[in-house]
Amino acid sequence: MSDFTMTIDGKGVAGEGAFGVINPATGQVFTQAPECSKAQLDAAMDSAQRAFRGWRRDEDKRRQTLRDCANMLKARRADLAKVLTQEQGKPLARATEEVIGGAVWFDVTAGLQIPVDVLQDNEHGKIEVRRKPFGVVGAITPWNFPLLLAIWKIAPALLAGNTVVLKPSPFTPLTTLKLGEILRDVVPAGVLNIVSGGNDLGAWISSHPVVRKVSFTGSVATGKKISVAAAPDLKRVTLELGGNDAAIVLPDVDPKKVAEKLFWGAFSNSGQICSAIKRLYVHEDVYPAVVAELTGIAKTVKLGDGLDPETQLGPINNEPQLQRVTELVEDAKRAGAKILAGGRKREGGGYFYEPTIVTGISDGTRLVDEEQFGPALPILSFKTVADAVERANATHFGLSGSVWTNDVERGKAIASELECGTGWVNQHLAIVPFAPFGGSKWSGIGYENGPYGLAAFTELQVINSTKG
Ligand code: NAD
């Protein structure tokens, strides 16, 4: 029996089956999560469909509900953060930030307007464009920021008047289940349903006849499957997918000044961030100094169990991901790359991989071309900015990128040449709740956050009336 229940029609529901959840700091199963059956998913969909009829009608109530959700998160931050660290691996301080970030997202979203555009208002009549909800949204999330990324979907979907059935990753279901439990007190029955299970459950959601919109965050491979599953029913989709972000460092930077920011741009959450720096292109004049600084930091950061307050970097979340990072680094070694820090799994239990700095590597190597999604950073050098931009853009990915320079205007001009959804200057991972976030090319379709993210949970309706 699990301590965690799904939320279906406002009630706590045990699964018809159960599956183990592993603490990545130990590599051991520490609790069970409910496994949702097809019949239970149907019940959740049914409940969401019924709740939609009333939920769509009262915008003020929806706004207030989001604010109540924010307050519940703040009040229960300690419980949520601890579970998040146990199932995801991140340091407790970072887990707490994720919970607080979720509250901020609820609050900021609650303040967004659902605009009505008046296109004509004269003696001939009035033409208004209104934003209407779709109905039931099927939401599917990954394991790197399970709580925050769920809230990126729940908050705007609910504000717009939709109801939601959400499924977290089987690697990190617990925080999201707990969120469902906590919010039962403030969200009306059926409006937010949380179900847990494996990849099949995701496939059932993305092809379920009740769902009108699928909002997905995860890998490119799964995103493509979801597109296919949603197509026969013409379900709308938002896809937030993988990235292989390049950061370009110009010769005018002070290596000491930028090193910490570059390091955390790549290694935060042990590199398991869709928009982390995954390839670093450094001008040859500052290359040795930047490499030396980053290597120094990589060798001194404290890797450990996220519940230890000293820990700066936690483990990789799961064994397949640990194997993937290992495989990409071993492939780089075989291609002649130099490992200046890390390059191996830490001895003992848990999925710990030492923060790894790789040089002597070229484009065309798997660690550079593929998304590693882990703590291993390839650092490459360049001679001309044009060459760096071309190499940064030579990929199917297009999530984000950054340029590092003392000349901010030049940095902005170069950032605008990057083929990606967000171009940062002198920062990376600066994600805010009021700006759109999304990818170009294979990194996604559509946007989340702020007014653009809210718009993604609505469709337009024109009301065209005569005068009088
Ligand atoms: P994943 O695609 O393996 O799984 C994500 C979710 O999809 C999980 O809940 C999983 O159970 C479900 N799923 C798997 N197969 C499915 C199917 N056939 N149909 C429907 N659902 C299915 O991704 P992951 O390994 O959990 O997450 C890592 C990936 O997510 C990385 O590529 C990362 O870059 C990406 N990501 C993107 C963003 C973004 O905002 N762009 C944010 C975080 C993570």
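Residues numbered from 1 in each chain as written. Predicted model: local features only at pLDDT ≥ 70, side-chain atom pairs only at ≥ 80, totals over all residues. Heavy atoms only, no water.

1. Remarks on the site of the ligand
Our working definition: Working definition: residue near molecule or strand if any one of its non-hydrogen atoms lies within 4 Å of it. What qualifies as a polar contact is a pair of N or O atoms within 3.5 Å, subject to a donor-acceptor requirement within protein and to the restriction that residues adjacent in sequence count only when both atoms come from side chains. All accessible areas in this document rest on Shrake-Rupley with a 1.4 Å probe, and a residue is counted as covered only by the protein chains that are shown. Lining residues are defined by having an atom within 4 Å of a point belonging to a cavity or pocket. Those points lie on a 1 Å grid over the protein atoms alone, cavities being sets where a 1.4 Å probe fits but cannot get out and pockets being open sets with protein on both sides within 12 Å along at least five of seven lines. Cavities and pockets are treated as containing a molecule whenever more than half of the molecule's atoms lie within 2 Å of their grid points. For the purposes of this entry, the term helix denotes a DSSP run of H or I that reaches at least four residues, the term strand denotes a run of E that reaches at least two, and both are numbered from the N terminus.
Close to the ligand lie 30 residues; Asn199, Ser219, Thr222, Leu241 and Glu371 are nearest. A distance of 2.7 Å separates an oxygen atom of the ligand from a polar atom in the side chain of asparagine 199. Serine 219 places a side-chain nitrogen or oxygen 2.6 Å from an oxygen atom of the ligand. Summarising the interface, the protein chains cover 90% of the accessible area of the ligand, which totals 850 Å² for the free molecule. Counting atoms within 2 Å of the grid points, the majority share of the ligand lands in the largest pocket. Of all the secondary structure elements, the ones that give two or more residues to the shell around the ligand are helix H7 (199–206), strand E10 (211–217) and helix H8 (220–230). No other element matches the 4 residues that H7 contributes to the shell around the ligand.

2. Points about helix H4 (residues 92–110)
Counted only if it meets this: Multiplying 1.5 Å by the residue count of a helix minus one yields the expected span of that helix. Burial classification: accessible surface area is computed with a 1.4 Å probe over protein chains only, and a residue below 20% of its type maximum counts as buried, one above 50% as exposed, and the rest as partly exposed. Contacts are assigned to residue pairs that have any heavy atoms within 4.5 Å of one another.
The end-to-end C-alpha separation of H4 is 27 Å, in line with the 27 Å expected for 19 residues at 1.5 Å each. Every buried residue of H4 is accounted for by Ala95, Glu98, Val99, Gly101, Gly102, Ala103, Trp105, Phe106, Thr109 and Ala110. Buried positions along H4 lie against helix H2 (59–75), helix H3 (77–88), helix H5 (146–159) and helix H6 (174–183).

3. Brief notes about the packing of helix H9 (residues 255–267) against helix H10 (residues 287–300)
How we decide: What counts as an axis is a line fitted to C-alpha atoms, over the stretch in contact for a helix, and the angles between N-to-C directions run from 0 to 180 degrees. Geometric relationships in this document are graded by angle, where less than 35 degrees denotes roughly parallel, more than 145 denotes roughly antiparallel, 65 to 115 denotes roughly perpendicular, and other angles denote oblique. Left-handed is the label given to a crossing in which the near helix is rotated counterclockwise from the far helix by less than a right angle, and right-handed is the label when the rotation is clockwise. Residues are grouped as follows: Ala, Val, Leu, Ile, Met, Phe, Trp, Tyr, Cys and Pro are nonpolar; Asp, Glu, Lys and Arg are charged; every other residue, Gly included, is polar.
In contact at an axis separation of 9 Å, H9 and H10 are set at 50° when each is read in the N-to-C sense. The angle between the axes of H9 and H10 places the two elements in the oblique class. In this structure, the crossing between H9 and H10 has a hand that is right-handed. Contacts from Pro255, Lys256, Ala259, Glu260, Leu262 and Phe263 in H9 reach Ala289, Val290, Glu293, Leu294, Ile297 and Ala298 in H10. Here the residues of the contact of H9 with H10 are counted per class, giving 9 nonpolar, no polar and 3 charged.

4. Some details on the sheet that holds strand E13 (residues 277–283)
Quick note on the threshold: Strands were regarded as paired on the criterion that DSSP finds at least two bridges between them.
With mixed pairing, the 7 strands of this open sheet are ordered in space as E14-E15-E16-E13-E12-E17-E18. The sheet is open, and its two edges are formed by strand E14 (338–341) and strand E18 (422–425), each paired on a single side. If you compare each strand with its neighbour and ignore which way they point, the axes differ by 25° on average. Bridge analysis of strand E12 (residues 245–249) against E13 gives 5 bridges, and the strand direction is parallel. Counterpart to isoleucine 248 in the pairing with E13 is tyrosine 281.

5. What about the packing of aromatic side chains?
Where two aromatic rings form a pair, the distance of their centres and the angle of their planes describe that pair. The line we're drawing: Side-chain rings of Phe, Tyr and Trp, where Trp is taken by its six-membered ring, are said to pair if the distance between their centres is within 6.5 Å; with planes under 30 degrees apart they count as stacked, over 60 as edge-to-face, and otherwise as tilted. For a Lys NZ or an Arg CZ to count as sitting over a ring, it must be within 6 Å of the ring centre and within 35 degrees of the ring normal.
Applying the stated rule across the entire model yields 5 aromatic pairs. Taking 5.4 Å as the distance between ring centres and 20° as the angle between the ring planes, the aromatic pair formed by tryptophan 105 and tryptophan 152 counts as stacked. Of this pair, tryptophan 105 sits in helix H4 while tryptophan 152 is found in helix H5, placing the two residues 47 residues apart along the sequence. In this pair, the class of tryptophan 105 matches that of tryptophan 152, namely buried. Judged by centre distance (5.0 Å) and plane angle (85°), the ring pair of phenylalanine 263 and tryptophan 264 falls under edge-to-face. Judged by relative accessible area, which is 0%, phenylalanine 263 ranks as buried. Residue tryptophan 264 is classed as partly exposed on the basis of its relative accessible area, which comes to 23%. A network of ring pairs unites the aromatic residues Trp105, Trp152 and Phe437 as a single cluster. Its end group placed over the ring of phenylalanine 457, lysine 213 keeps NZ or CZ at 5.4 Å from the ring centre. Across from the ring centre of tryptophan 442, 3.3 Å away, lies the NZ or CZ of lysine 224, which sits over that ring.

Such coordinate-based values are descriptive only and should not be taken to indicate function.
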